[in-house]
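Overview (structure and organization)
Take a look at the letters that make up each chain.
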Amino acid sequence: MDRHSENAIKINEQLKKHPRVKNVYFPWNEENAGHEAAIKQMKQPGGVISFELQEGGKQEAQAFLNKLQLIKIAVSLGDVETLISHPASMTHAVIPEKERRAMGVTDQLIRLSVGLESWEDIWADIEQALNGWLFEGNGIELFYGSIFFIFGVLIWIVYTKLDKNYKVYCLNSTGDR
């Protein structure tokens, strides 16, 4: 448990600083309800952290999970390896949305059970997923694809207007039209 707690404390600190993370729920965080009781009752905070993504819904949360490479997605938490879950689409999926939200289980909530791996490796995996999930499943590819298409069309228009007849010429191997 020492290693679980040590790693979780470090991951908690990193999550609190990341701009794509809205809230971090961890017994040692002073701003969390139950912090005082946790300090009195526990020698260490344990290895479970919950956090909410700054933006998006279920699809974006799932895209974040799918970006993870080291951390395994699991319904059950508590192992020597780091595990992660998305309660809204896993453990709490059968609960009506209104009730689920009243319980604090939002579409952005992620639950993490920090394992015994190097905390730097755990954080590197979380960080690359946090920095990369925005580009999946929410139209960013379409947006950038549209920009490149429009840019290409503009280049073609400028190129074709260079000739007074608005014709595109092909040169043969001798340079003749």
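Data block above holds the structure.
Attention here is on the structure that accompanies the text. Model, not experiment: these values are computed from the prediction. (Residues numbered from 1 in each chain as written. Predicted model: local features only at pLDDT ≥ 70, side-chain atom pairs only at ≥ 80, totals over all residues. Heavy atoms only, no water.)

1. Considerations on the side chain of asparagine 7
The line we're drawing: Going along the chain from the N terminus, every DSSP run of H or I of four or more residues is numbered as a helix, and every run of E of two or more is numbered as a strand. In this description, contact between two residues means that some pair of their heavy atoms is separated by no more than 4.5 Å.
Structurally, the position occupied by asparagine 7 is in helix H1 (residues 2-17). Setting aside residues no more than four positions away along its own chain, asparagine 7 makes contact with Val114, Gly115, Leu116, Glu117, Trp119 and Ile122.

2. Some words on the packing of aromatic side chains
When we look at a pair of aromatic rings, we describe it by the centre distance and by the angle of the planes. Rules: Two rings from Phe, Tyr or Trp (for Trp, the six-membered ring) form a pair when their centres are within 6.5 Å of each other. A pair whose planes differ by under 30 degrees is stacked, one over 60 is edge-to-face, and the rest are tilted. Residue exposure (1.4 Å probe, protein chains only): buried if accessible area is under 20% of the type maximum, exposed if over 50%, otherwise partly exposed.
Using the criterion set out here, one finds one aromatic pair in the structure. Taken together, a centroid distance of 6.1 Å and an interplanar angle of 85° make the contact between phenylalanine 51 and phenylalanine 64 edge-to-face. A residue pair is termed long-range when its members are at least 10 positions apart, and phenylalanine 51 in strand E2 (residues 48-53) and phenylalanine 64 in helix H3 (residues 58-67) qualify at 13 residues. You'll find phenylalanine 51 and phenylalanine 64 in the same group, each marked buried.

3. Comments concerning the pairing of strand E5 (residues 109-113)
The test is simple: Two strands pair under a simple rule: DSSP has to find at least two bridges between them.
Most of E5 sits inside the fold, with four of its five residues counted as buried. Two strands pair when backbone bridges link them, and strand E4 (residues 83-85) and E5 are joined in this way by three bridges, in the antiparallel orientation. Bridge pairing in E5 places serine 85 opposite arginine 111.

4. Quick notes on the pattern of salt bridges
To keep things clear, this is the line we draw: Salt bridge, as used here: a side-chain nitrogen of Lys or Arg that lies within 4 Å of a carboxyl oxygen of Asp or Glu.
Applying the stated criterion across every chain, the model contains six salt bridges. As a salt-bridge pair, glutamate 13 and lysine 16 come within 3.7 Å of each other at their nearest N and O atoms. Of this pair, glutamate 13 and lysine 16 are both found in helix H1, three residues apart, which corresponds to roughly one turn of the helix. Classification of lysine 16 by relative accessible area gives partly exposed; the value is 36%. Taken together, the shared-partner salt bridges connect Glu97, Arg100, Arg101 and Asp107 into one network.

5. Things to note about the sheet that holds strand E1 (residues 21-25)
The test is simple: Convention adopted: a line fitted to C-alpha atoms gives each axis, helices being fitted over their contacting stretch, and angles between N-to-C directions are expressed from 0 to 180 degrees.
The strand order across the open sheet formed by five strands is E1-E2-E5-E4-E3, and the pairing between neighbours is mixed. Since the sheet does not close on itself, it has two edges, and those belong to E1 and strand E3 (72-73), each with one partner. H1 contacts E1, E2 and E5 of the sheet and is inclined by roughly 10° relative to E2.

6. With respect to H1
Selection criterion: Under the convention used throughout, the expected extent of a helix is 1.5 Å for every residue step, that is, one less than its residue count. In this description, one arc is meant: the one made by directions from the helix axis to the C-beta atoms.
The terminal C-alpha atoms of H1 lie 23 Å apart, and with 16 residues this matches the ideal 22 Å at 1.5 Å per residue to within 8%. Buried within H1 are the following residues: His4, Ser5, Asn7, Ala8, Ile11, Asn12 and Leu15. One side of H1 carries all its buried residues, which in axial view fall inside an arc of 165°. Residues of H1 that are buried sit in contact with E1, E2, E5 and helix H5 (119-132).

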